[in-house]
Amino acid sequence: MSKRAIIMYGPPGAGKGTQAELLSRKMNVTHFDTGRYIESLVHSKEAGTDPVLKQEQINFDEGKLCTPSWVLNIIEEATRKIALTGQGVVFSGSPRTMYEAFGEPEEGSDAEKRPEGGLIKVLEEIYGKDNIIVFTISIDEASSIKRNSTRMICSVCGLPIMSISDANICGFCGGPAKKRTLDNPEVIKVRLEEYKKRTYPIIKQLKQEKYRIEEIDGTPAPYKVFEQILSSLSPKIHS
Ligand SMILES: [Zn+2]
């Protein structure tokens, strides 16, 4: 099977990170969690002294998107490194803007169009257009807010703790649960608006350019959602 580049889209709480993680365990693909990668950069020691990282840290902690050109550069670099390992890649949460996806400047921005395009072109060059698959995982807004405001992670290892757990400890390392800093209701609303405003135009553009897009219902339990994803990835049998 050819190596694939998979993109997971969905509002906060749709479970795109979980689905990407499940895929990376089942298939020969590396899960690139853009949010976590950016978080590790902006909360690194260097952010204390580097003015660029410092500004990105402020954006990040307020739930705003980091500067698109900065994000595109770090994602492109990381993507090329993954490709060198011979693996496919699954993205959760990127490309997040028209700029990251196609190199198109944001509306109202005075930035120039990036001549070499965005991440989509990079993926096409590495994996081929036919091997790029975009999943849009949908849940309604009320569920998005509810899921995010009840979501817990382990304060030690960072793994998610399902709300059905009554002990509020991590099943992996036993560490105590905590809320993610991104998950207070005000920040979730900002993230939902950002998602609509910035991601919908990318999906529209991908449709126009005839990329393969699979729409998935994110309402059921994650393992059920995963079954839908696997079945749309398995080769269709023509009889
Ligand atoms: Zn843990």
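Quick caveat: nothing in here was measured; it's all calculated off a predicted structure. Here the residue numbers are simple positions, counted from 1 along each chain's written sequence. Since the coordinates come from a predicted model, pLDDT governs what is reported: local features require at least 70, and pairs of side-chain atoms require 80 or more to be given and counted, while whole-chain, interface and lining totals use all residues.

## A closer look at the overall build of the protein chain
For the protein chain, the helix and strand inventory stands at nine helices and eight strands. For 239 residues, the compact-globule formula gives about 18 Å, and the C-alpha radius of gyration of the protein chain, at 18 Å, lands near that figure. Considering only C-alpha atoms, the protein chain reaches an extent of 55 × 45 × 35 Å along its principal axes. Burial status across the protein chain gives 33% buried among its 239 residues. With C-beta atoms placed from the backbone, a contact is any residue pair whose C-beta atoms sit within 7 Å. Counting contacts in the protein chain only where the partners sit at least 6 residues apart, residues at least 24 apart contribute 63% of the total. Going along the chain from the N terminus, every DSSP run of H or I of four or more residues is numbered as a helix, and every run of E of two or more is numbered as a strand. Radius of gyration here is computed from C-alpha atoms only, and the compact-globule reference equals 2.2 Å multiplied by the residue count raised to the power 0.38. Whether a residue is buried, exposed or partly exposed follows from its count of other C-beta atoms within 10 Å of its own C-beta, namely 20 or more, 12 or fewer, or something in between, respectively; the C-beta atoms are built from the backbone.

## Section: the pairing of strand S3 (residues 88-92)
With five of five residues buried, S3 is to be regarded as a mostly interior element. Of the two faces of S3, the one holding Gly88, Val90 and Ser92 and the one holding Val89 and Phe91 are both buried throughout. Here, a strand pair is defined by DSSP locating no fewer than two bridges between the strands. Summarising the sheet, strand S1 (residues 5-9) and S3 pair through four bridges and their orientation is parallel. From the neighbouring strand, Ala5 faces S3, where its bridge partner is Val89.

## Concerning the sheet that holds strand S2 (residues 29-33)
Reading across the sheet, the five strands line up as S2-S3-S1-S4-S8 and stay open at both edges, with parallel pairing between neighbours. Bordering the open sheet on either side are S2 and strand S8 (212-217), each of which pairs with just one other strand. Neighbouring strand axes in the sheet, compared pairwise and without regard to direction, differ in orientation by 20 degrees on average. In this structure, S2 lies alongside S3, joined through five bridges in parallel fashion. To define axes, lines are fitted to C-alpha atoms, for helices over the stretch in contact only, and angles between the resulting N-to-C directions are given on a 0 to 180 degree scale.

## Some details on the sheet that holds strand S5 (residues 152-154)
Taking strand neighbours across the sheet as the criterion, the three strands line up as S6-S5-S7 in an open arrangement whose pairing is antiparallel. The outermost strands of the open sheet, each flanked by one partner alone, are strand S6 (160-161) and strand S7 (177-179). In this structure, S5 lies alongside S7, joined through three bridges in antiparallel fashion. Bridging across to S7, Cys154 finds its partner in Ala177.

## Section: the nonpolar core
Of all hydrophobic cores here, the largest spans 39 residues; its most connected members are Ile6, Met8, Val90, Leu119, Phe135 and Ile137. Excluding residues that lie within four positions of it along the chain, Ile137 makes contacts with Met8, Tyr9, Gly10, Ala14, Gly15, Lys16, Gln19, Ile216, Gly218 and Val225. To count as a nonpolar core, a set of buried Ala, Val, Leu, Ile, Met, Phe, Trp, Tyr and Cys residues must be joined through C-beta atoms within 7 Å.

## Description of the packing of helix H2 (residues 34-42) against helix H3 (residues 51-61)
Between H2 and H3, the shortest axis-to-axis distance is 9 Å and the interhelical angle comes to 130 degrees. One finds that H2 runs oblique with respect to H3. When the axes of H2 and H3 are compared, the crossing they make is left-handed. Residues Ile38, Glu39, Leu41 and Val42 of H2 touch H3, and the partners they reach there are Leu53, Glu56, Gln57 and Phe60. Ten residues, namely Ala, Val, Leu, Ile, Met, Phe, Trp, Tyr, Cys and Pro, are considered nonpolar, four, namely Asp, Glu, Lys and Arg, are considered charged, and the remaining ones, Gly among them, are considered polar. Taken together, the residues of the contact of H2 with H3 sort by class into five nonpolar, one polar and two charged. Working definition: roughly parallel below 35 degrees, roughly antiparallel above 145 degrees, roughly perpendicular at 65 to 115 degrees, and oblique for all remaining angles. Crossing handedness is defined as follows: a turn of the near helix away from the far one that is anticlockwise and smaller than a right angle gives a left-handed crossing, while the clockwise case is right-handed.

## Focus: the environment of Leu123
Summarising the element assignment, Leu123 is placed in helix H6 (residues 119-127). For Leu123, a count of 25 C-beta atoms within 10 Å gives the class buried. Between the C-alpha atom of Leu123 and that of Ile6, which follows or precedes it by 117 residues, the distance is 9.6 Å. The residues contacting Leu123, other than those within four sequence positions of it, are Ala5 and Ile132.

## Topic: the environment of Glu104
Here Glu104 is to be found in the loop between helix H5 (98-102) and H6. When the C-alpha positions of Glu104 and Arg114 are compared, they lie 6.7 Å apart, and in sequence the two are ten residues distant.

## Observations regarding helix H1 (residues 16-26)
Within the sequence span of H1, burial applies to Lys16, Gln19, Ala20, Leu23 and Ser24. Axial view of H1: buried residues confined to an arc of 135 degrees, hence all on one face. Those residues of H1 that are exposed and aimed more than 90 degrees away from the buried face are Arg25 and Lys26. At its buried positions, H1 is contacted by S1, S2, S3, strand S4 (132-138) and helix H9 (222-233). What the arc measures is the spread of directions leading from the helix axis to the C-beta atoms.

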